[in-house]
There are 2 protein chains.
Amino acid sequence: MNQINRVAIVGGTHGNEFTGAYLIKKFEQIPALIQRPSFETLTLLGNPQAFTAGKRYIDKDLNRCFFIDNLLDSRLSSYEDIRAKAIEQILGQKSNSQVDLIIDLHSTTANMGLSLMLGSHHPFLLKLAAYLSSRNSQVRVCYTQPEKGSNFLRSLSELGFVIEVGPVAQGVLNAEWFQKTEELIHNILNYLEKYNQNLIPQTNETLTYYQYVGAIDYPRNEYGEIQAMIHPQLQFRDYQPLNPGDPIFLTLDGKAIAYEGTSTVYPVFINEAAYYEKGIAMCLTEKQVYSL
Amino acid sequence: MNQINRVAIVGGTHGNEFTGAYLIKKFEQIPALIQRPSFETLTLLGNPQAFTAGKRYIDKDLNRCFFIDNLLDSRLSSYEDIRAKAIEQILGQKSNSQVDLIIDLHSTTANMGLSLMLGSHHPFLLKLAAYLSSRNSQVRVCYTQPEKGSNFLRSLSELGFVIEVGPVAQGVLNAEWFQKTEELIHNILNYLEKYNQNLIPQTNETLTYYQYVGAIDYPRNEYGEIQAMIHPQLQFRDYQPLNPGDPIFLTLDGKAIAYEGTSTVYPVFINEAAYYEKGIAMCLTEKQVYSL
């Protein structure tokens, strides 16, 4: 990566995640906030119809519509499939204005603080993540799935990543998270400007990150109905160590269910509202330290 | 009121308010929990299709479908209109099993603790509310609108009331609120049992309650788009005094907007997700003390 020429900030990829959607509204009203001398910054409201309706999506999850095969498949005609193809035309490799970096803004009902969700170990992203997490202890770095073949919007750019902020309820605009997310975006844009000006110092840094190793569903009965909830001792304890034998669920009739793994893990997306339908009560990660 | 013979507990009147819906599931699995010697307790999942879909409603807000005229109007045929008529057949005055008291379980993204939302000043409800709030400081008592002509489900019974618990995100089952709500229900049922056995002592009590006096919408532009959010100093401060000149909103570009009223009020439903579409950023109440 020689130079960042064009950056995209996307919000409202999920229509009921208001933090990002309203930041896009703000940046559209005051574009000077996100302009920097050495590169261009675009904004995009990911799913306008879902945002208007106050829903995550109209027909299907837009942030699962970006498999290359799906983008090429003319038979896929749901609102989100069509929207994904349109977004690829605006931001993707085949567009005239291909962006070098995508920041996709999300929120979560889990206590994720300010989480950078990366898809690749690209050295540029690692250094950026190390810089941001060293400046703000609320910034966490998380690897969910390998970027190759990802169906996420961020996969339209080699340097695409997601920011998850929370806990914040769906359909709610929370001023505190709005301000923290905006500050993080400014730190990112300022870093990119320094990078272009070759002002990023070489340092021997380490980066602590959380590597996805699996997911756990809620205990369910034969009809698929949930029979247990996140244990109160685990609720809102994202990124905290979960040891074998620690309680993870509490059945409706009051019995604790222990974590049966064989090693310590670090759960994230604990009790994320949007993941009930995906069969995910939490994602498990391993804590790792990377020397840059 | 001589004797309570039949009580209904309703949950999931809004399909994405999981606390009540899963309590109904629990009580259906273990009915002995809500049985008492002197009266019968029914359970009802208010909006089954919306609960399955994880949405507040399918076509329209079920908890605004109970105007008497609407229940009699055969032309109203949305899913919720039909469901409201069915619920009236089960719980209402014309049913064979008319209930004497309805507990309708809701949750809110606002910091409402355990709120009893009453529609009438019926002495029985006032004494019950005083008893519950004296036992648990998280219990608040709130009057929203006069019961006469109410469109709420609770209006099917003279002794109908709503329990609002929160803050809890829509579409999330939170174990702590589940447990607190269940405990409150048990306290209510135990009180009703004592009432039937004439074991409620006469006391000179006072009841502090919050009387609805109006609502405030978010500042919006000419297209109806929200231009300001709840001020961080007001977020989650439900039932706390708001004085003239205190900040209530923060515009997207960072300017505080002050409360312009002439007297101290006590906001509730601050930043309730479901009220964005109703044009309500918060409800205002006045604090009042009633001598029983």
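Residues numbered from 1 in each chain as written. Chains lettered and ligands numbered in written order. Predicted model: local features only at pLDDT ≥ 70, side-chain atom pairs only at ≥ 80, totals over all residues. Heavy atoms only, no water.

This part covers the domain arrangement of chain A. All names here are of chain A. With domains assigned, chain A is organised as domain 1 (6-203) and domain 2 (216-275). Taken together, the contact between domain 1 and domain 2 spans 14 residues of the former and 12 residues of the latter. Between domain 1 and domain 2, a total of about 1100 Å² is buried, with carbon and sulfur atoms accounting for 55% of that surface. Applying the counting criterion to the domain 1 and domain 2 interface returns 0 salt bridges. Linking domain 1 to domain 2 there are 7 residue pairs in polar contact (both at pLDDT 80 or more). Broken down by secondary-structure element, the contributors of at least two residues to the side of domain 1 that touches domain 2 are β4 (113-118) and β5 (139-143). When its residues are assigned to classes, the side of domain 1 that touches domain 2 shows 5 nonpolar, 5 polar and 4 charged. (Domains from an automatic or database assignment. Contact = heavy atoms within 4.5 Å. Buried area = accessible area lost by both parts, 1.4 Å probe. Salt bridge = Lys/Arg side-chain N within 4 Å of Asp/Glu carboxyl O. Polar contact = N/O pair within 3.5 Å; in protein donor to acceptor, adjacent residues only side chain to side chain. Helix = DSSP H or I, 4+ residues; strand = E, 2+ residues; numbered from the N terminus. Nonpolar A, V, L, I, M, F, W, Y, C, P; charged D, E, K, R; others polar.)

Residue and element names in this part refer to chain B. The tally for this structure, following the rule as stated, stands at 23 salt bridges over all chains. Measuring nitrogen to oxygen at the nearest pair gives 2.9 Å for the salt bridge that ties Glu40 to Arg6. In this pair, Glu40 is assigned in strand β2 (residues 40-45) and Arg6 in strand β1 (residues 6-11), connecting sequence segments 34 residues apart. Using a relative accessible area of 35% as the deciding quantity, one classes Glu40 as partly exposed. (Buried < 20%, exposed > 50% of the residue type's maximum accessible area, 1.4 Å probe, protein only.)

This brings us to the relation of the copies chain A and chain B. Taken as rigid bodies, chain A and chain B are interconverted by a rotation of 180° and an axial shift of 0.0 Å, the fit giving an RMSD of 0.0 Å. On this basis, the relationship between the two copies can be described by a two-fold rotation axis. Relative to the rotation axis, the C-alpha of Ala169 of chain A is the closest in chain A, positioned 2.3 Å from it. When the interface residues of chain A are mapped onto chain B, 100% of them again lie at the interface, so the same face is used by both copies. (Least-squares fit on C-alpha atoms with pLDDT ≥ 70 in both.)

Moving on, we get to the UniProt feature "binding site: substrate" (unreviewed entry) in chain A. All names here are of chain A. Per the UniProt entry, the sites bearing "binding site: substrate" (unreviewed entry) are Arg56, Asn63, Arg64, Glu164 and Tyr275 in this numbering. Cross-referencing the annotated residues with the largest pocket identifies Arg56 as lining it. Mapped onto the elements, Arg56 comes out in the loop between α2 (48-53) and α3 (68-71). A residue is classified by how much of its surface remains accessible, and Arg56, at 9% relative accessible area, is buried. Residue contacts for Arg56: discarding those within four places in its chain leaves Thr13, His14, Gly15, Asn16, Glu17, Asn47, Ala50, Asp61, Arg64, Ala274, Tyr275 and Lys278. At 3.3 Å, the side chain of Arg56 forms a polar contact with the side chain of His14. Tracing the sequence through the fold places Asn63 in the loop between α2 and α3. The buried category is assigned to Asn63, whose relative accessible area is 4%. (UniProt positions renumbered as here; feature names shortened; annotations may be inferred. 1 Å grid on protein atoms, 1.4 Å probe; cavity = no way out; pocket = protein on both sides within 12 Å on 5 of 7 lines; lining within 4 Å.)

What follows covers the layout of surface pockets. A volume near 1500 Å³ is recorded for the largest pocket. Along its surface, the largest pocket is lined by 48 residues, and Asn16, Gly54 and Lys55 of chain A together with Asn16 and Lys55 of chain B are the ones closest to its centre. Breaking the lining of the largest pocket down by element, the ones donating at least two residues are α1 (18-29) and α2 of chain A together with α1 (18-29) and α2 (48-53) of chain B. Here the residues of the lining of the largest pocket are counted per class, giving 24 nonpolar, 12 polar and 12 charged. (Points joined across faces, edges and corners; volume = space filled by probe spheres on them.)

Residues and elements named next belong to chain A. The 3 strands lie next to each other as β8-β9-β10, forming an open sheet whose pairing is antiparallel. The open sheet has two edge strands with one neighbour each: β8 (228-230) and β10 (256-258). Across this sheet, the average inter-strand angle for adjacent strands is 35°, counted without regard to direction. (Pairing = 2+ DSSP bridges. Axes fitted to C-alpha atoms, helices over the stretch in contact; angles between N-to-C directions.)

Here we take up the interface of chain A and chain B. The partner chain B presents 31 residues to the 31 residues of chain A that form the contact. For the pairing of chain A and chain B, the buried interface totals around 2600 Å² over both sides, and the portion due to carbon and sulfur atoms is 62%. Its largest share of buried area at the contact with chain B, chain A owes to Leu173, Met229 and Leu252 of chain A, together 22% of the area lost on that side. Counting across the chain A and chain B interface gives 2 salt bridges. Among the ionic pairs, Lys25 of chain B bridges to Glu225 of chain A, the shortest N-O distance being 3.1 Å. Remark: the boundary between chain A and chain B carries 10 residue pairs in polar contact (both at pLDDT 80 or more). Those elements that provide at least two residues to the side of chain A that touches chain B are α1, α6 (175-196) and β8 of chain A. Ranked by residue count, the leading element in the side of chain A that touches chain B is α1 of chain A, at 5 residues.

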